[in-house]
Amino acid sequence: MNAGPRWVLIGLGNPMRRDDGVGPWVAAQLRGRGWPDLRIIQMELPDPMMLAEAWEEAEIAWIVDAVEADAPPGTLLRIREGRLRMDLRPRGLSTHGLDLLEAIALARTLGPSPPRVILYGIIGADFGFGEGLSPAVEAGARRLLRRLERLIARLNKISNESHSG
């Protein structure tokens, strides 16, 4: 049995680049909710060493990031790691200089990784300098926040039932 948190949420992005800060925004909203099985990490770039450390011993890793794709701003994408290459690489997934897929692959070579890695990408509109999310991206982030809260509550309930039975 793992001693540490079983789930990790990694919020990627730079809060000083408007919609690129959606990952850290979601992470900040979830912080302090009192979920002992959830580790929350914010990072500006997808660094393989930091990813490997962040998801150490986790069963599920959720990565939240702003993405560019052919869809309206604020659209929420949910992609399991196995589909990342097929679904997003041709469209230019990340707004970062580093390739998220390569960072994930390298992090997996550095040590044990979660059986499930899921990217929640929110289509961004404004990546200029400044703080604050555009209205459409904030609305998408709030939808994701509600989804994650329900999911984490359900995972905690299942976990507590299996430990008490």
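The structure this text deals with has already been given above.
These numbers were taken from a predicted model, which means no experiment stands behind them.

Trainee: Teacher, can you tell me more about the environment of D20 here?
Mentor: As for its placement among the helices and strands, D20 is situated in the loop between strand 1 (7–12) and helix 1 (22–30). Distance in space between the C-alpha atoms of D20 and G128 is 8.8 Å, their sequence separation being 108 residues.

Trainee: Whenever I open this one, the pattern of salt bridges confuses me. Can you help?
Mentor: Side chains carrying opposite charge are able to pair once their charged atoms draw close together. Applying the stated criterion across every chain yields a total of 4 salt bridges. Two residues, R18 and D126, come together in a salt bridge whose shortest N-O distance is 3.0 Å. Highlighted residues: R18 in the loop between strand 1 and helix 1 and D126 in the loop between strand 5 (116–123) and helix 5 (135–164), separated in sequence by 108 residues. R18 sits in the partly exposed class, given a relative accessible area of 21%. Among the residues examined, D126 registers a relative accessible area of 29% and is labelled partly exposed.

Trainee: When you look at helix 4 (residues 100–110) in this model, what are you seeing that I'm missing?
Mentor: Side chains that are three or four residues apart share a direction in an α-helix, a result of its 3.6 residues per turn. Every buried residue of helix 4 is accounted for by L100, L101, A103, I104 and A107. All buried residues of helix 4 fall inside an arc of 160° around its axis, so they share one side.

Trainee: It is not clear to me how the environment of S113 should be interpreted in this structure. Could you clarify?
Mentor: Relative to the helices and strands, S113 is located in the loop between helix 4 and strand 5. On the accessibility criterion, S113 (23% relative accessible area) is partly exposed. When the C-alpha atoms of S113 and A58 are compared, they prove to be 7.3 Å apart, with 55 residues separating the residues in sequence. Residues in contact with S113, not counting those within four places in the same chain, are W55 and R108.

Trainee: In this structure, what is going on with the nonpolar core? I would like to understand it.
Mentor: In globular proteins that are soluble, nonpolar side chains generally tend to be buried together. L9, V26, L30, L38, W62, Y120 and L148 are the most contacted members of the largest nonpolar core, which totals 27 residues. Those elements giving two or more residues to this core turn out to be strand 1, helix 1, strand 2 (38–43), strand 3 (60–67), strand 5 and helix 5. Beyond its immediate chain neighbours, meaning those up to four positions away, L38 contacts P5, W7, V8, L9, W62 and I152. Among the nonpolar cores identified, the runner-up in size contains 17 residues, and I10, W55, L100 and V117 belong to it.

Trainee: Got a minute to help me understand the pairing of strand 2 in this structure?
Mentor: Looking down a regular strand, the side chains alternate between one sheet face and the other. Pairing of strand 1 with strand 2 involves 6 bridges; the strand directions are parallel. Pairing of G11 across the sheet is with Q42, part of strand 2. Tracing the backbone out of strand 1, into helix 1 and back to the parallel element strand 2 gives a crossover that is right-handed.

Trainee: It is not clear to me how the environment of I79 should be interpreted in this structure. Could you clarify?
Mentor: Relative to the helices and strands, I79 is located in strand 4 (residues 76–80). Residues I79 and I118, 39 residues apart in the sequence, show an inter-C-alpha distance of 5.7 Å.

Trainee: What should I look at first to understand helix 1 in this one?
Mentor: The buried fraction of helix 1 amounts to 7 of the 9 residues, a majority that puts the element mostly inside the structure. Considered for burial, the residues of helix 1 that qualify are V22, G23, P24, W25, V26, A27 and L30.

Trainee: In this structure, what is going on with the sheet that holds strand 3? I would like to understand it.
Mentor: Pairing between sheet strands relies on hydrogen bonds along the backbone, with the strands arranged either parallel or antiparallel. Reading across from one edge, 2-1-3-5-4 is the order of the 5 strands in this open sheet, with mixed pairing throughout. At either end of the open sheet lies a strand with only one pairing partner, and these are strand 2 and strand 4. Here the strands of the sheet are splayed against their neighbours by 20° on average, with no regard to which way each runs. Docked against the sheet, helix 1 engages strand 1, strand 2, strand 3 and strand 5, running at close to 140° with respect to strand 1.

Trainee: Please clarify how the packing of aromatic side chains should be interpreted in this entry.
Mentor: The relation between two aromatic rings is expressed through the spacing of the ring centres and the mutual angle of the planes. Using the criterion set out here, one finds 0 aromatic pairs in the structure. Positioned over the ring face of F129 is R17, at 4.3 Å from the centre of the ring. Above the face of the W55 ring, R108 is positioned so that its terminal group lies 5.8 Å from the ring centre.

About the thresholds
Residues numbered from 1 in each chain as written. Predicted model: local features only at pLDDT ≥ 70, side-chain atom pairs only at ≥ 80, totals over all residues. Heavy atoms only, no water. Helix = DSSP H or I, 4+ residues; strand = E, 2+ residues; numbered from the N terminus. Salt bridge = Lys/Arg side-chain N within 4 Å of Asp/Glu carboxyl O. Buried < 20%, exposed > 50% of the residue type's maximum accessible area, 1.4 Å probe, protein only. Arc of directions from axis to C-beta. Contact = heavy atoms within 4.5 Å. Core = buried A, V, L, I, M, F, W, Y, C linked by side-chain atoms within 4.5 Å. Pairing = 2+ DSSP bridges. Right-handed = clockwise from strand over helix to strand, strands pointing away. Axes fitted to C-alpha atoms, helices over the stretch in contact; angles between N-to-C directions. Phe/Tyr/Trp six-rings, centres within 6.5 Å; stacked < 30°, edge-to-face > 60°. Lys NZ or Arg CZ within 6 Å of the ring centre and 35° of its normal.

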